[in-house]
Amino acid sequence: MKAKVDIIIAVTGPATAAAQRATSTTPVVFLVVPDPVGRGFAKSLSRPGGNLTGLSTAAVELSSKRLEQLRAAIPGLKRVGLFVNAKDSSMSRAVEERTRSTATNLDVLVDVTQIDAPQELSGAFAGLSSRSIPAVVFMQDPLFFNERRQIANLGLSNRIATMVANGLMVRDGCLISYGPNFPAQFRRTASFVDKILKGHSPAEIPIEEPARLELVLNLKTAEALGLEIPAALLAQADEVIE
């Protein structure tokens, strides 16, 4: 790495992987990274052991809860789509396995679609509609976050409910999200930078999992889809967009 920097901030798994390839000495603070140990960014959450540390999003673990919350929003749900990023096979496989396990307990059938590029989303939604699948869960991934407005519009035009990982996506028109408060994670990154600048080694700074998880609902989207969100779920929501 030619640039002489004190710390690298890496946002998302691909950016962290690139930083890891670039240097084994410059401290790297990552965020919006699911399963950092499984991805080889650290030896453990409590003692990362290398030059990388930061914040995990617990994306795989939350897959079960996302399906449960979607089922709570649509009580009669029997079939659901699952969109995963084809370019991240290990994470896609882990999310699919966790989602299918939960779906079995809920008596819900899961239809998995591998998405390789944004241009495939329109056809994927049309495919769900043709198979009369009324809802879809999205794997937490930068691909889907970047296409949040397209996803919201496709959900509405195909009358398919969208469960996503990020509240910002719900504010842009998706139906429901369950996951970390991502702005809070960005703010929390400053504490890691501060520790490193004060002489702490990233090898010994524990990786943090989300301190707060939030449920966000968009009632405008629910109304457009003809859905009535149960009062019990509304009472649990951290934010309701009306």
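Keep in mind that this is a model prediction, so the values were computed, not measured.

S.K.: How should the packing of aromatic side chains be read in this particular structure?
M.R.: Working definition: an aromatic ring pair is given by the centre-to-centre distance plus the angle between the planes. In this structure the tally under the stated criterion is five aromatic pairs. The interplanar angle of 80° and the centroid separation of 5.2 Å between the aromatic rings of Phe 83 and Phe 138 together place this pair among those described as edge-to-face. A residue pair is termed long-range when its members are at least 10 positions apart, and Phe 83 in strand β4 (residues 79-85) and Phe 138 in strand β6 (residues 135-138) qualify at 55 residues. Classification of Phe 83 as buried rests on a relative accessible area of 0%. Since its relative accessible area comes to 1%, Phe 138 is described here as buried. Consider the rings of Phe 125 and Phe 138, whose centres lie 6.1 Å apart with planes at 35°: the pair is tilted. Here Phe 125, found in helix α4 (residues 121-130), pairs with Phe 138, found in strand β6; they are 13 residues apart in sequence, far enough to count as distant. Taken together, Phe 83, Phe 125, Phe 138 and Phe 144 form an aromatic cluster joined through their ring pairs. One residue, Arg 148, lies across the ring of Phe 145, its end atom 4.2 Å from the ring centre.

S.K.: Sorry, what's going on with the sheet that holds strand β2 (residues 28-33) here?
M.R.: Sheet strands pair via backbone hydrogen bonds, and the direction of the pair is either parallel or antiparallel. Judged by pairing direction, the sheet is parallel, and its three strands sit side by side in the order β1-β2-β3 without closing on themselves. Sheet topology places β1 (8-11) and β3 (52-56) at the edges, where each strand pairs with a single neighbour. Geometrically, the sheet is characterised by an average inter-axis angle of 20° between neighbouring strands, direction not taken into account. Sheet topology note: the β1/β2 ladder contains four bridges and is parallel. When the bridges of β2 are listed, Val 11 appears paired with Leu 31. Where helix α8 (residues 182-197) meets the sheet, its contacts fall on β1, β2 and β3, and the angle it forms with β2 comes to roughly 165°.

Definitions and limits used
- Residues numbered from 1 in each chain as written.
- Predicted model: local features only at pLDDT ≥ 70, side-chain atom pairs only at ≥ 80, totals over all residues.
- Heavy atoms only, no water.
- Phe/Tyr/Trp six-rings, centres within 6.5 Å; stacked < 30°, edge-to-face > 60°.
- Helix = DSSP H or I, 4+ residues; strand = E, 2+ residues; numbered from the N terminus.
- Buried < 20%, exposed > 50% of the residue type's maximum accessible area, 1.4 Å probe, protein only.
- Lys NZ or Arg CZ within 6 Å of the ring centre and 35° of its normal.
- Pairing = 2+ DSSP bridges.
- Axes fitted to C-alpha atoms, helices over the stretch in contact; angles between N-to-C directions.
- Contact = heavy atoms within 4.5 Å.

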